[in-house]
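So the chains spell out like this:
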Amino acid sequence: MNQRIYVDNSATTAVSEKALSAMLPYFREHFGNPSALYSYGQEAKKALEDSRGMVAKAIGALNNEIYFTSGGTESDNWAIRSVCESKNKMGKHVISTAIEHNAILRTLEKMQGEGYEITLLKPDKNGQIAAEQLENAIRKDTILISIMMANNVVGTVLPIKALCETAHKHHIIFHTDAVQAAAHVPINVRSLGVDLLSMSAHKFHGPKGVGALFVKVAVKPAAYITSGGQEKGYRSGTENVPGIVGMAAAIKEGTENLQNNTRQLTALRDKLIENTLKIPGTYLTGDSANRLPGHASFVFEGGKEGAYLINMLNEEGICASSGSACSASSIEAPHVLIAMDYDKEIAQSAVRISLSYYNTEKEIDTINERLPLLIAELRRRKEKTIR
Ligand SMILES: *Cc1c(COP(=O)(O)O)cnc(C)c1O
């Protein structure tokens, strides 16, 4: 088998050298509990607060606006529940979109069972949501708007600043799931205006199981996990110090190298897209202009069982996915593509190739060489079974 080519970086990324070496001392030498008063604990406490500062700086926030969590899913759950809990005397209507991650969609579904009314905005053909569309959905009892910054399935980057301005014109709190965007596109919470923002370390070369929620000082979160009072009493539990240190190192590295990474990834991505679209009956999904730097996603005619192509790629050592890690095992069409009005059959052919700065031009050349052959092979096999 050839050497493995990993192009599923929207699902997760490798921990960077810098993040790993920053983490290591906090497993052994400095393993103390940040809540302890002796020096071991105080070293950990300092690392925790330095990390908070680094994460804050990367998104233009204040240190006391960053709360560490166990990842994107928890940050999303907390954001939604927190705002709903503190604002439900003013109304019980929440606006989000049909292309959100399940961390948002499933949470909203649950809220619906608890008496909240949910409006999910429908994206256009590119996966975009317009400010006017949001404006039209706002009601007197709307208490929260949650719209993702970048979509994991189709790579579209949404106009968060304009959407947030619309929300604020009506004095409604705005949350964004920036899990795919953080350290991949420039983020400044002040210029965007967002009130809450979710991040996850393992999507930007940090470790798994750690993330953060930004909450603007004026908004104040509701307590989510209760116990010993860590994270100012809002999110108790002994802090994941090595993970948090790794997250801080990774976001710092990603943010400092953002321009170079963007240039490198965009070039590789565009080469991949250009070549793939030469395959007859193959289409790019998502916005071709406002798009994550390393994200390429396609559907192709006659590929109803997209999972086959993913398996064929896997047999050649190429790790890609059908659109979302959470539903990768099934041949279910990604809900994002259905919301974008793709018919079910073509949506099932979805392939997502998401790059990182560890990918090389040679790897892209290999994919460009193999993909057309595999799609042709898949179509031939299918014809045979029909006959
Ligand atoms: C991966 C992802 C999440 C979940 O983050 P975890 O850290 O894996 O829990 C949430 N939202 C989006 C858009 C994601 O891509």
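Report on the accompanying structure. Within every chain, residues take consecutive numbers counted from 1 along the sequence as written. A pLDDT threshold of at least 70 governs which residues receive local features in this predicted model, and a stricter bar of 80 or more applies before side-chain atom pairs are shown or counted, although totals over entire chains, interfaces and linings include all residues. Excluded from the side-chain calculation are hydrogens and water; included are all heavy atoms of the structure.

## Things to note about the nonpolar core
Part 1 of the reasoning: In plain words, nonpolar cores are sets of buried Ala, Val, Leu, Ile, Met, Phe, Trp, Tyr and Cys residues tied together by side-chain atoms within 4.5 Å. When accessible area is computed with a 1.4 Å probe and restricted to protein chains, residues below 20% of their type maximum are described as buried, those above 50% as exposed, and intermediate ones as partly exposed. Membership of the largest hydrophobic core comes to 65 residues, with the highest contact counts inside it found for Ile187 and Leu197.
Part 2 of the reasoning: Here the element with the most residues in this core is helix H8 (residues 241-256); it accounts for six residues.
Part 3 of the reasoning: Counting only domains with at least three residues in this core, you end up with domain 1 (5-13 + 258-386) and domain 2 (17-256).
Part 4 of the reasoning: Ile187 has contacts with Ala58, Ile59, Met149, Ala178, Ala181, Ala182, Leu192 and Leu197, leaving out every residue within four places of it along the chain.
Part 5 of the reasoning: Among the nonpolar cores identified, the runner-up in size contains 26 residues, and Leu268, Ile279, Ile318 and Ile364 belong to it. For helices the rule is a DSSP run of H or I covering at least 4 residues; for strands it is a run of E covering at least 2, with both sets numbered from the N terminus onward. All domain edges in this entry derive from an automatic or database-based domain assignment. Contacts between residues were defined by any pair of non-hydrogen atoms, one from each residue, lying within 4.5 Å.

## Examining the sheet that holds strand S8 (residues 211-215)
Part 1 of the reasoning: Here a strand pair is declared whenever DSSP counts at least two bridges between the two strands. The seven strands are arranged S2-S8-S7-S6-S5-S3-S4 in an open sheet whose pairing can be described as mixed. Of all the strands in the sheet, the pair left with one neighbour each is strand S2 (66-69) and strand S4 (117-121). Averaged over all pairs of adjacent strands, the angle between strand axes in this sheet comes to 20°, irrespective of strand direction.
Part 2 of the reasoning: Here strand S6 (residues 173-177) pairs with strand S7 (residues 196-200) via three bridges, running parallel. Each bridged residue has a counterpart across the sheet, and for His175 the counterpart in S7 is Leu196. Between the N-to-C directions of two axes lies an angle of 0 to 180 degrees, each axis being a line fitted to C-alpha atoms and, for a helix, fitted only over the stretch in contact.

## Thoughts on the sheet that holds strand S12 (residues 351-354)
Part 1 of the reasoning: Strand order in the open sheet made by the three strands is S9-S10-S12, with antiparallel pairing throughout. At either margin of the open sheet sits one strand with a lone partner, and together these are strand S9 (282-284) and S12. Each strand of the sheet is rotated relative to its neighbour by a mean of 25°, with strand direction disregarded.
Part 2 of the reasoning: Pairing of strand S10 (residues 295-300) with S12, which is carried by four bridges, proceeds in the antiparallel orientation. Across the sheet, the residue bridging to Ser297 is Arg352, located in S12.
Part 3 of the reasoning: Packed onto the sheet, helix H9 (residues 258-276) meets S9, S10 and S12 and runs at close to 10° relative to S10.

## Overview of the environment of Asn275
Part 1 of the reasoning: Along the chain, the position of Asn275 falls in helix H9.
Part 2 of the reasoning: What makes Asn275 partly exposed here is its relative accessible area of 26%.
Part 3 of the reasoning: It is 9.4 Å that separates the C-alpha atoms of Asn275 and Asp365, two residues lying 90 residues apart in sequence.

## Let's talk about the packing of helix H3 (residues 72-87) against helix H4 (residues 102-113)
When two helices pack together, their arrangement is given by the angle between the helix axes and the distance between those axes.
Part 1 of the reasoning: Running from N to C, H3 and H4 point in directions that differ by 35°, and their axes come no closer than 9 Å. Here H3 runs over H4; the crossing is right-handed. Residue-level contacts link Thr73, Asp76, Asn77, Ile80, Arg81 and Cys84 of H3 to Ala103, Ile104, Thr107, Leu108, Lys110 and Met111 of H4. The sense of a crossing depends on the near helix, which, turned anticlockwise from the far helix by less than a right angle, makes the crossing left-handed and, turned clockwise, makes it right-handed.

## Section: the site of the ligand
Part 1 of the reasoning: In the vicinity of the ligand there are 13 residues, among which Thr73, Asp177, Gln180, Ser200 and Lys203 approach most closely.
Part 2 of the reasoning: For the ligand, an oxygen atom lies 2.6 Å from a polar atom in the side chain of Thr73.
Part 3 of the reasoning: Contacts described as polar in this section are N or O atom pairs within 3.5 Å, which, within protein, must combine one atom able to donate a hydrogen with one able to accept it, while residues neighboring in sequence count only if both atoms come from side chains. In the environment of the ligand, a nitrogen atom lies 2.7 Å from a nitrogen or oxygen atom belonging to the side chain of Asp177.
Part 4 of the reasoning: A per-element tally of the shell around the ligand places H3 first, with three residues.
Part 5 of the reasoning: Under the scheme applied, nonpolar residues are Ala, Val, Leu, Ile, Met, Phe, Trp, Tyr, Cys and Pro; charged residues are Asp, Glu, Lys and Arg; polar residues are all the others, including Gly. Class assignment for the residues of the shell around the ligand results in two nonpolar, eight polar and three charged. Any residue with a heavy atom positioned within 4 Å of a molecule or strand is treated as near that molecule or strand.

## Considerations on the side chain of Ser75
Part 1 of the reasoning: Residue position: Ser75 is located in helix H3.
Part 2 of the reasoning: Here Ser75 is in contact with Thr69, Ser198, Met199, Gly211, Ala212 and Leu213, once residues within four sequence places are set aside.

## A short note on unusual backbone geometry
Part 1 of the reasoning: Here His171, not a glycine, exhibits a phi torsion of approximately 60°, which is positive.
Part 2 of the reasoning: Its place among the elements puts His171 in the loop between helix H6 (160-169) and S6.
Part 3 of the reasoning: On the basis of relative accessible area, His171 is assigned to the exposed category, the value being 72%.
Part 4 of the reasoning: Phi at Ala183 is positive, roughly 65°, even though this residue is not glycine.
Part 5 of the reasoning: Mapped onto the elements of the fold, Ala183 is located in the loop between S6 and helix H7 (189-192).

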